[in-house]
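# An overview of the molecular structure
What follows is the residue order along each chain.
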Amino acid sequence: MIYLDYAATHPMTPEALAAYAQAAALPGNPASIHAAGQAARELLEEGRARVAAAFGVDPRTLIANSGGTEGDNAVLLGVARAWQEKHGRPGHLITTPTEHSAVLAPARWLEARGWAVTWLTPDAYGRYSPQELQAALRPDTALVSIHHANNELGTVQDTAALAAVAAAGGVPYHSDAVQAPGVLPVNLPEWGVTYATFSAHKWGGPRGVGFVYVRRGAELPPVTFGGGQEGGTRPGTQDTAGVYAAGVALSAAEAEREDTYLHLSHLRQRFVTAVSGIPSLRVNHPPDGSPKVASVTLSGADGEALLMNLDLLGVAASAGSACSAGTMQPSHVLSAIGLSDADARASLRFSFGRATTEEEIDGAADALMQAAQWSRA
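The paragraphs below set out a description of the structure included in this document.

Calculation criteria
- Residues numbered from 1 in each chain as written.
- Predicted model: local features only at pLDDT ≥ 70, side-chain atom pairs only at ≥ 80, totals over all residues.
- Heavy atoms only, no water.
- Helix = DSSP H or I, 4+ residues; strand = E, 2+ residues; numbered from the N terminus.
- Rg over C-alpha atoms; globule rule 2.2 N^0.38 Å.
- Buried < 20%, exposed > 50% of the residue type's maximum accessible area, 1.4 Å probe, protein only.
- Contact = heavy atoms within 4.5 Å.
- Areas by Shrake-Rupley, 256 points an atom, 1.4 Å probe, with all protein chains shown as cover.
- Phe/Tyr/Trp six-rings, centres within 6.5 Å; stacked < 30°, edge-to-face > 60°.
- Polar contact = N/O pair within 3.5 Å; in protein donor to acceptor, adjacent residues only side chain to side chain.
- Arc of directions from axis to C-beta.

## Quick look at the overall build of the protein
- Each helix and strand counted, the protein has 13 helices and twelve strands in total.
- In terms of overall size, the protein behaves like a compact globule, its C-alpha atoms giving a radius of gyration of 21 Å where 377 residues would be expected to give roughly 21 Å.
- Each principal axis of the C-alpha distribution contributes one length, and for the protein these read about 65 × 50 × 30 Å.
- For the protein, buried positions account for 53% of its 377 residues.
- A separation threshold of at least 6 residues defines the contact pool for the protein, and within that pool the share at least 24 residues apart is 72%.
- Surface accessibility of the protein: about 15000 Å² in total, with carbon and sulfur atoms responsible for 54%.

Put into structure tokens, the structure is as follows:
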């Protein structure tokens, strides 16, 4: 199989698997005070410290959780609840139509319950300007939530500039930065964000593990209640093995990040060049976006048939966000940047990783040409 779905999940690295096995063998609960519990606690905190070092922050600002979906929901719903309790009425949220569904769904949930939501307008590549954000701010704006790197297009926002606009207006800023680590530099203090969310399985760590960054001095009320783990913000016994493996994987990914960026840039250009001869093919991703992602539309083709044919030919790709897999609805991201429903349904996302080879790129390009012929027959 040629695996080109790294934006959905980066396979666990050998280092992460070994670290996970080491930590999973420990019998203790990291909240216990006996020696077994403290041994687990040491690995838990070492994993957290490794992640914090990669992002340039204090480990105490990272809350361990189950990943990006939980983190996005925790930020949007927690901040909204705190604002409404303080003011006694719903407030205002600013976000975008190209967010991951983990942001879109809670934003729409709040909108249905009286919150005003401003949906910024993307350009042809899904970018947002500080000027547009400035014009959208209101006295009752409780939160701005704009992703850093888009999961379907690879579009990278100028997060530092956008967060500065929000900060000047006294508004907290949240970035879903799930797709950045291991490929793009992540320096949270330089970005100036209040909150950021991450998933370990995007950088070669285990599935079901992630982190929420909460800047020192900021508040993130819990949305679940129980024990006092993670400062009470995310109660429940932590996944010691998962957090430790996540830290080990990110340390390795960060050490190779610059080389990875160059490697992926080369692979994406090779892929685009190889498939450019397919009739009616359109490239959707921006040339200056994350090289991890290539998005193409094959007008007139059936997207579901394309995916099935690619799978039969041994290529794993995606029709868009992994969390929308199986629905075959038009991609909300591609629709937001102006594609018709038919073209959005005829679009595919190929995403690359450190282990992807030139031979795999060439094989995938050949397979796409064959799949396109079959799907248009």
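Right, picking up where we left off after that structure.
## Considerations on the packing of aromatic side chains
- According to the stated counting rule, one finds six aromatic pairs in the structure shown.
- Geometrically, the ring pair formed by Trp 83 and Trp 115 is edge-to-face, given 5.9 Å between the ring centres and 65 degrees between the ring planes. Here the residue Trp 83 occupies a position in helix α3 (residues 68-87), and Trp 115 occupies one in the loop between α4 (101-111) and β4 (116-119), the gap between them amounting to 32 residues.
- Trp 83 gets classed as buried once you look at its relative accessible area, which sits at 13%.
- Counting every residue linked through ring pairs, the aromatic cluster contains Phe 55, Phe 198 and Trp 203.

## Brief notes about the side chain of Ser 331
- Inspection of the secondary structure assignment puts Ser 331 in the loop between β11 (315-316) and α11 (332-336).
- Relative accessible area serves as the criterion here: at 7%, Ser 331 is assigned to the buried category.
- A distance of 2.5 Å separates the side chain of Ser 331 from the side chain of Glu 152, its partner in a polar contact.
- Within the structure, the side chain of Ser 331 is placed 3.1 Å from the backbone nitrogen of Leu 334, a separation counted as a polar contact.

## Describing the environment of Thr 96
- Mapped onto the elements of the fold, Thr 96 is located in the loop between β3 (92-95) and α4.
- Classification of Thr 96 by relative accessible area gives buried; the value is 0%.
- Apart from the residues lying within four places of it in its own chain, the contact partners of Thr 96 are Leu 104, Trp 119, Leu 120, Tyr 128, Ser 145, Ile 146 and His 147.
- A distance of 3.2 Å separates the side chain of Thr 96 from the side chain of Thr 98, its partner in a polar contact.

## Structural notes on helix α10 (residues 303-312)
- If you check which residues of α10 are buried, you get Gly 303, Leu 306, Asn 309 and Leu 310. The buried residues of α10 occupy an angular sector of 125 degrees when the element is viewed end-on, so they sit on one face. Facing away from the buried side of α10 by more than 90 degrees, the exposed set consists of Met 308, Asp 311 and Leu 312.
- Lining the buried residues of α10 we find β10 (293-298), β11, α12 (341-345), β12 (347-351) and α13 (358-376).
- If you check the start of α10, you find a side-chain oxygen 3.0 Å away from the backbone N of Glu 304, and it comes from Asp 302.

## Details of the environment of Gly 182
- Relative to the helices and strands, Gly 182 resides in the loop between β6 (173-176) and α7 (188-191).
- With residues near it in sequence (within four places) discarded, Gly 182 still touches Ala 253, Arg 257 and Thr 260.

Limitation: the analysis is restricted to geometry and does not speak to function.
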